[in-house]
Structure formats: structure tokens, C-alpha cells
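Survey of secondary and tertiary structure
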Amino acid sequence: MMSNCAVIPRDSRKPTISVVMPVYNGAETIGDALDSIFRQTIVPDEIIVVDDGSQDNTLEIAEGYGSRIILIKQENKGNANARNLGVERATGEFIACLDADDLWLSDKLEKQIELCANCDVIYTGVQNFGDSDHVDSKTFQDGKCVEGDHLCPLMLDNFIAHSSVLMRRESFISAGGYDSSFRTTVDWDLWLRMAQLKMTFCGIPESTTLYRWSAGSTSKDHSQTCKDRLRAITNAIQRSDPQRVSSEVRKEALKNVWRTSAWFAAKD
């Protein structure tokens, strides 16, 4: 079941899409990620790769795609900074997020573009692969996504995979973009701010995004991830209207941060 978003096109013109892909030392996976973009049934208008100071041969691989991508190079400043730079350079009405170690099924953008007329953020279900034995094989296994106001559900759990998102560029800018003071959890912090601004989230339960779990990912730094999650949810609680977010939700949200971090740490 999709979110409560009627498909009423603003006009007959297909919205323009810019893919933004940050990468740091992604030589082993960036080729597969880029190829999954070019296999889309609806090919995006531009693909922006921001190399965040890679020390391996990521640049060499990216440069091999020539004019099919826009390649931006910067010194290592972190993935939030790289993402913001990519969005700043983008010309599309919508930004499609894809990390350099994840993949899309070929109809991913086609399914999302059908909903974009009335949505600020469109996300899809995810199929997990790689070092993923300790998590479910896929999200939204009951075939349902959250409908309506996403704020409280997002405070309780970040169920939106970053690489699954197609978001309206002007909405991203209105929300303030990614907070580069976070080392991890930049996506959850952004979704919470967008939800608090009452932006419209629409979910597609099909697993058209493939999320790679890797032993070397930043999410394996459980201490830092826990700190960032706590800061993100504390900021959200401080900003939230008590009439919209009950004290029970606030308490449960804080509990869930500690519970989630402890669960992941115990699995390592």
C-alpha cells in the first residue's frame, strides 16, 4: 500500500531528476552503482558524483564514464558536505540519492516519478545484501508504508533508507539541507526536520533499492552513531509541538536510540 498521495500531475512535463552520489574510497562498488543508474527505465537528467578526497582509484573509475556523469572533486570534508555540494550544483527539480555502495532495480525511478506531483519525499522499500545476516532481508515486508504525518513514526525509527529517496530540491533547501556537523545519521536528521515542517512523505513498499551492509561502513562506529542519533532525536524533541508529539512518543524515541545502538553493537 502506498502513502495517501493522489497522482495529479501539475503539467504534462516529466520532472527533471538529478542523481547525487557522494563517494569516498568506493572503487570496489561505484561502477556497479553507476551502472544501476544507467539501467533505469527512466534515465535521470544528470548524474553528479562528488568524490570526497578518495585515496584509492575511485576517481579513475568515475572518470571512465566520461561525459555521462558530472564529476566534482573536493578534499575530504565528510559525506554531508559532499551531498550538499552535489545538490547545490544540481539543476533537477528532484534529487535522487544513491550511495556508491548501493544499487537500484531498473524500475525504481519510474515507480517514484508517478508519485512526485504531490510529494516532497518519495522513498522505497529496501532489500538488504552483503554483511546482512543480522537484519531482515527486506523492509516493509507486510506491503505497507506509513501514511499521513510521518513525524512521530520517524522519531521512533528511521525506516527510510537514504539511497531509496527521491526528494524535491526546493524542499531540501527549505529544510536547510544536510547538517555537516553530523558524522553519521545525516539522513535521519534531515527527514526529521522535513517532517516537522509538515512536508509530504510518500512510501513505495516494493524493494527497488538494494542496500549493502559492509563491515567497513561508518555505521559500524557504534559510539559515534549513537551520539549522532541521540543528538538528532534530542533536537527533534526540542523542536516538536507537544500537541503533535506526545510525551510517550518522546520517551520511547529516546529509548529506541539506546536500544538500537545496543542491539547493533551486540551483533558485532
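Structural data are supplied above this passage.
Please read all numbers here as calculations on a predicted model, not as lab measurements.

1. What to know about the sheet that holds strand β7 (residues 166–168)
In a beta sheet, neighbouring strands are held together by backbone hydrogen bonds and run either parallel or antiparallel to one another. The sheet built from eight strands is open, its strands ordered β3-β2-β1-β4-β7-β6-β8-β5 with mixed pairing. Looking at which strands have only one partner, the edges of the open sheet turn out to be β3 (70–74) and β5 (103–104). One ladder, built from nine bridges, connects strand β6 (residues 121–130) with strand β8 (residues 201–213); its direction is parallel. Bridge pairing links Gly 130 to Trp 213 in β8.

2. Structural notes on the packing of helix α7 (residues 186–196) against helix α8 (residues 222–239)
The contact between α7 and α8 brings their axes to 9 Å, and the two run at 10 degrees. By the angle class used here, α7 and α8 are roughly parallel. Of the residues in α8, those in contact with Trp 188, Asp 189, Leu 192, Arg 193 and Gln 196 of α7 are Arg 229, Ala 232, Ile 233, Ala 236 and Arg 239.

3. Some details on the state of the cysteines
One pass over the full model with this rule turns up one disulfide. A sulfur-sulfur separation of 2.0 Å characterises the disulfide bridge that pairs Cys 119 with Cys 202. One quick way to see it: the torsion about the S-S bond of Cys 119 and Cys 202 is about -75 degrees, and its sign makes the bridge left-handed. Here Cys 119, found in the loop between α4 (108–113) and β6, pairs with Cys 202, found in strand β8; they are 83 residues apart in sequence, far enough to count as distant. When sorted by exposure, Cys 119 lands in the same class as Cys 202, which is buried. Of all cysteine sulfurs in the structure, the one in Cys 202 sits closest to Cys 145, which takes part in no disulfide; the separation is 9.7 Å. By relative accessible area, Cys 145 is classed as buried at 9%.

About the cut-offs
Residues numbered from 1 in each chain as written. Predicted model: local features only at pLDDT ≥ 70, side-chain atom pairs only at ≥ 80, totals over all residues. Heavy atoms only, no water. Pairing = 2+ DSSP bridges. Helix = DSSP H or I, 4+ residues; strand = E, 2+ residues; numbered from the N terminus. Axes fitted to C-alpha atoms, helices over the stretch in contact; angles between N-to-C directions. Parallel < 35°, antiparallel > 145°, perpendicular 65-115°, else oblique. Contact = heavy atoms within 4.5 Å. Disulfide = S-S within 2.5 Å. Buried < 20%, exposed > 50% of the residue type's maximum accessible area, 1.4 Å probe, protein only.

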